[in-house]
Amino acid sequence: MPETAPVKRAAGRPGEWRRAAIVLLGAAAFGVAFALFARLMLYHFYLRGSFLLDSGLLGAVMWRDDAALNLPPSLGGESFFVFHVAPVLLLVGAVGHALALSMPQVFAGFVGLAHGLLAAAIYWLLVGGYGMRRGWMPPLAALASVAFAASGLAIAIARYPHFETFGAACLLLCLVGLVLDRPIVAGVAFGFALATREDLGLHAFGFLVVWLALNRLRGTPWRSDRRLLGFALAGLLYSVLALLAQHLAFPGHSSFARVYLGDPPYAHLTARLVTSRLLGWAYLHAGILATAAAAGLWAVRARNPYTMLGYVACLPWALLHLFAASDLAGWMVGYYGFPFLIAMAWPLLAGLIKRRQGTEAAGLAWMPAMALLGLVAIGLLPIARDYDPGRIAIPDAFLRAPSLALQRSTDRAVAAIAAARPLLG
């Protein structure tokens, strides 16, 4: 026995090194995506100069040590919960204060975290679901993960910085956990998604309901879908309760009525408005429409209708914005397209759903990563322009972040100007 023990340890060593390398590559994918978008936000605040609505407002809300998330007096002083039920921002603020970060650094770290989680979800899906664990495949999975987190749609959202990408990333992690039968991870990610915005439960309900509906059409037994149904109903219940609580706490305030319905409801709608928006979408949302078309071809090629379910689930969201009262919402620019990040990742989920049902044989492990890189490339085609009020130049924003010295000197200057407000009038 003593002679065989070293042999066993030596035999086990390659597997241990492989697991460590896989974990390190996943951490690297998360870290690269985090760094790229944190740098982009620092560029936005310190080099270009951010705007008040909404990155300045959100940065101030995250940075304030206030349980009610009250806005600064210059922005009305009311609670941010009037607009969105976003308790996750309380945690963001607490972490920022514990680390003694500046307001732009807190915002940059949060946006970086959101994109890092997008990369982590895709990496887990490729490595844990498709078995990309050997040789050159883990680096390919890491590359595809970072590419997804920095896709054309992700950049378009980041050019009008907001906080919804975090909710999309957490919901994607939840869906990956459900596909890979990791209910604890799925539940934790689901909780963070719901805490990001009051309507994230409705988005979760939409994605899960179309998944359940196709399962029914294809004869999947109900007992195998109990977990999906539970998550779907939990999302619906949470959003209904959150919206009801918001209405009771802040009567007379409704972001939904202001942004989407108008006053009187839908009085703004004309055939000309809807037509112009549809034509505008063809130009503004090439990253969504082109990838949706590619996913449709993928579905036909793979004979897998699950591939298109993500885009089907987003149709109510798209119609809601097409008829919206607000022009920004009506054009669905910037962060308004955040659910389509999940739709873009759905073809990878679809392949595993079919495999788990035993109706599709495993193919080449690296093919899903290459297909995802193809979708990302299609979404980056220069056939449209993003909504870019902050003039965030890519790749300059990724490559030219402000130095710590510049950040500190800027923070001191801003603090001095704020302190001198009585003298300035």
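Conventions and cut-offs
- Residues numbered from 1 in each chain as written.
- Predicted model: local features only at pLDDT ≥ 70, side-chain atom pairs only at ≥ 80, totals over all residues.
- Heavy atoms only, no water.
- Helix = DSSP H or I, 4+ residues; strand = E, 2+ residues; numbered from the N terminus.
- Contact = heavy atoms within 4.5 Å.
- Axes fitted to C-alpha atoms, helices over the stretch in contact; angles between N-to-C directions.
- Parallel < 35°, antiparallel > 145°, perpendicular 65-115°, else oblique.
- Left-handed = near helix turned anticlockwise from the far one by under 90°.
- Buried < 20%, exposed > 50% of the residue type's maximum accessible area, 1.4 Å probe, protein only.
- pLDDT = per-residue confidence, 0-100.
- Phe/Tyr/Trp six-rings, centres within 6.5 Å; stacked < 30°, edge-to-face > 60°.
- Core = buried A, V, L, I, M, F, W, Y, C linked by side-chain atoms within 4.5 Å.
- Salt bridge = Lys/Arg side-chain N within 4 Å of Asp/Glu carboxyl O.

(A) Examining the side chain of threonine 165 more closely. One can find threonine 165 in helix α7 (residues 164–179). Those residues in contact with threonine 165, other than ones at most four positions away along the chain, are Ala114, His115, Leu118, Ile157 and Leu341.

(B) Inspection of the packing of helix α17 (residues 339–356) against helix α18 (residues 367–379) at higher detail. Where α17 contacts α18, the axes come no closer than 10 Å and their chain directions differ by 160°. One element, α17, and the other, α18, form an angle in the roughly antiparallel class. Once α17 is placed against α18, the crossing between them reads as right-handed. Residue-level contacts link Met344, Pro347 and Leu348 of α17 to Pro368, Leu372, Leu375 and Val376 of α18.

(C) A look at the environment of leucine 208. Secondary-structure assignment places leucine 208 in helix α9 (residues 200–217). On the basis of relative accessible area, leucine 208 is assigned to the buried category, the value being 1%. The contacts of leucine 208, once residues within four sequence positions are left out, are Leu175, Leu178, Leu228, Phe231 and Ala232.

(D) Up close: the confidence of the model for the protein. Of all residues in the protein, 96% attain a pLDDT of 70 or more, and the chain-wide mean is 91. Taken as a whole, residues 1–11 scores under 50 in pLDDT and shows zero contacts with residues more than four places along the chain or in a different chain.

(E) Highlighting the packing of aromatic side chains. Per the counting criterion, the structure on display carries 18 aromatic pairs. With a centroid separation of 5.3 Å and 70° between ring planes, the pair formed by phenylalanine 37 and phenylalanine 398 is classed as edge-to-face. With a gap of 361 residues between them, phenylalanine 37 in helix α1 (residues 4–49) and phenylalanine 398 in helix α19 (residues 396–399) connect regions that are remote in the sequence. An identical accessibility class is assigned to phenylalanine 37 and phenylalanine 398; each is buried. Ring geometry for tyrosine 160 against tyrosine 335: centres 5.9 Å apart, planes inclined by 20°, an arrangement best described as stacked. Taken together, the positions of tyrosine 160 in the loop between α6 (152–158) and α7 and tyrosine 335 in the loop between α16 (327–331) and α17 put the pair 175 residues apart, joining distant regions of the chain. The same class applies to tyrosine 160 as to tyrosine 335, namely buried. Ring pairing ties together the aromatic residues Phe51, Tyr160, Tyr335, Tyr336 and Tyr387, which thus form one cluster.

(F) Representation of the nonpolar core in the model. Phe80, Leu172, Trp211, Phe340 and Trp346 are the most contacted members of the largest nonpolar core, which totals 131 residues. A per-element tally of this core places helix α4 (residues 103–129) first, with 16 residues. Not counting residues up to four positions away in its chain, the partners in contact with phenylalanine 340 are Leu153, Ile288, Tyr311, Cys314, Trp317, Ala318 and Met332.

(G) Structural detail: the pattern of salt bridges. Inspection of the entire model under this criterion finds eight salt bridges. In this structure, arginine 159 and aspartate 388 form a salt bridge, with 3.7 Å as the shortest nitrogen-oxygen distance. Linking arginine 159 in the loop between α6 and α7 with aspartate 388 in the loop between α18 and α19, this pair joins segments that are 229 residues apart in sequence. According to the relative accessible area criterion, arginine 159 is buried, its value standing at 15%. The partner of aspartate 396 in a salt bridge is arginine 400, and the shortest N-O contact between them spans 3.3 Å. Among the ionic contacts, a cluster of salt bridges with common partners joins Arg159, Asp386 and Asp388.

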